[in-house]
Amino acid sequence: MKSAERVPEPSLVGNFAGPVTRLTAFVIDSAVSGTSLAVIVAAMSAVIELVARRDIDAADAPPAVGSIVLLVWLFLYYYVSWSAAGKTVGMAMLGLRVVRRDGSPLDHRHALLRTLAFPFSFLFFGLGFIGIVLGREHRAFHDVIGDTTVVYDWDA
């Protein structure tokens, strides 16, 4: 009986995702995260109304509370998606995956760094995204900080 030969894992480096695909995934993720947050807030309001037996309107909350809830939700949406699966819903729909720059799977530490740096890519009129358009590896500021890259996943 022959011993099983070890098949090398395919490298994900070199199949870098382009700017249009990444932008489309971001638009999908914005819709998914916004809709899911609205559903969660509505469900929580309904439960609180049942328990407290009085009407509650989430729009009555101070704007700072809404902003904090939104920021925490977006952090969790991206961090959990990237650390657990290496992709968000939008990325999965378009066949994209976040990997470490060397092609290895994304770990929790690099997902955290990428998630924390992601908002800074939007500063100064989105200057942090210029690398996606002009760079050979299509890496944004948050990719550089997180030592990650986004690749097409279906041919890996």
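Residues numbered from 1 in each chain as written. Predicted model: local features only at pLDDT ≥ 70, side-chain atom pairs only at ≥ 80, totals over all residues. Heavy atoms only, no water.

**Looking at the environment of Pro105**
The condition is simple: Strands are runs of DSSP state E lasting at least 2 residues, helices are runs of H or I lasting at least 4, and numbering of each runs from the N terminus. Classification of residues uses two cut-offs on accessible area relative to the type maximum, computed with a 1.4 Å probe and protein chains only: under 20% is buried, over 50% is exposed, and between them is partly exposed.
By the secondary structure assignment, Pro105 is in the loop between strand E1 (96-100) and helix H4 (108-117). Exposure remark for Pro105: the relative accessible area of 65% places this residue in the exposed category. The spatial distance from the C-alpha of Pro105 to the C-alpha of Ala85 is 9.2 Å, given a sequence separation of 20 residues.

**Considering the nonpolar core**
Quick note on the threshold: The term nonpolar core refers to a set of buried residues drawn from Ala, Val, Leu, Ile, Met, Phe, Trp, Tyr and Cys, joined through side-chain atoms within 4.5 Å. By the convention used here, residues are in contact when the closest approach between their heavy atoms is within 4.5 Å.
Judged by nonpolar contacts, the single largest core of 13 residues is most densely connected at Trp82, Met91, Leu96, Val98 and Val150. Those elements that provide at least two residues to this core are helix H2 (63-85) and E1. Considering every element that reaches this core, the biggest residue donor is H2, with four residues. Residues within four places of Met91 in sequence aside, it is in contact with Ala25, Asp29, Trp82, Gly86, Leu96, Arg97, Val98 and Val150.

**As for the side chain of Thr148**
One can find Thr148 in strand E2 (residues 148-152). Not counting residues within four places of it along the chain, the set of residues in contact with Thr148 comprises Val98, Val99, Arg100, Arg101, Leu106, His110, Arg114, Arg139, His142 and Asp143.

**Thoughts on H4**
One turn of the α-helix equals 3.6 residues, which is why residues spaced by three or four share an orientation. His110, Ala111, Arg114, Thr115 and Ala117 are the residues of H4 that are buried. Lining the buried residues of H4 we find helix H1 (19-52), H2, E1, helix H7 (141-146) and E2.

**Quick look at H2**
As a reminder of what qualifies: A helix is expected to span 1.5 Å for every residue after the first.
A rise of 1.5 Å per residue sets the reference length of H2, with its 23 residues, at 33 Å; its end C-alpha atoms lie 33 Å apart and thus fit the reference within 8%. Among all positions in H2, only Tyr77, Tyr78, Tyr79, Ser81, Trp82 and Ser83 are buried. Contact partners of the buried residues in H2: H1, helix H3 (89-94), E1 and H4. One or two positions beyond H2, positive phi appears at Gly86, with a value near 80°.

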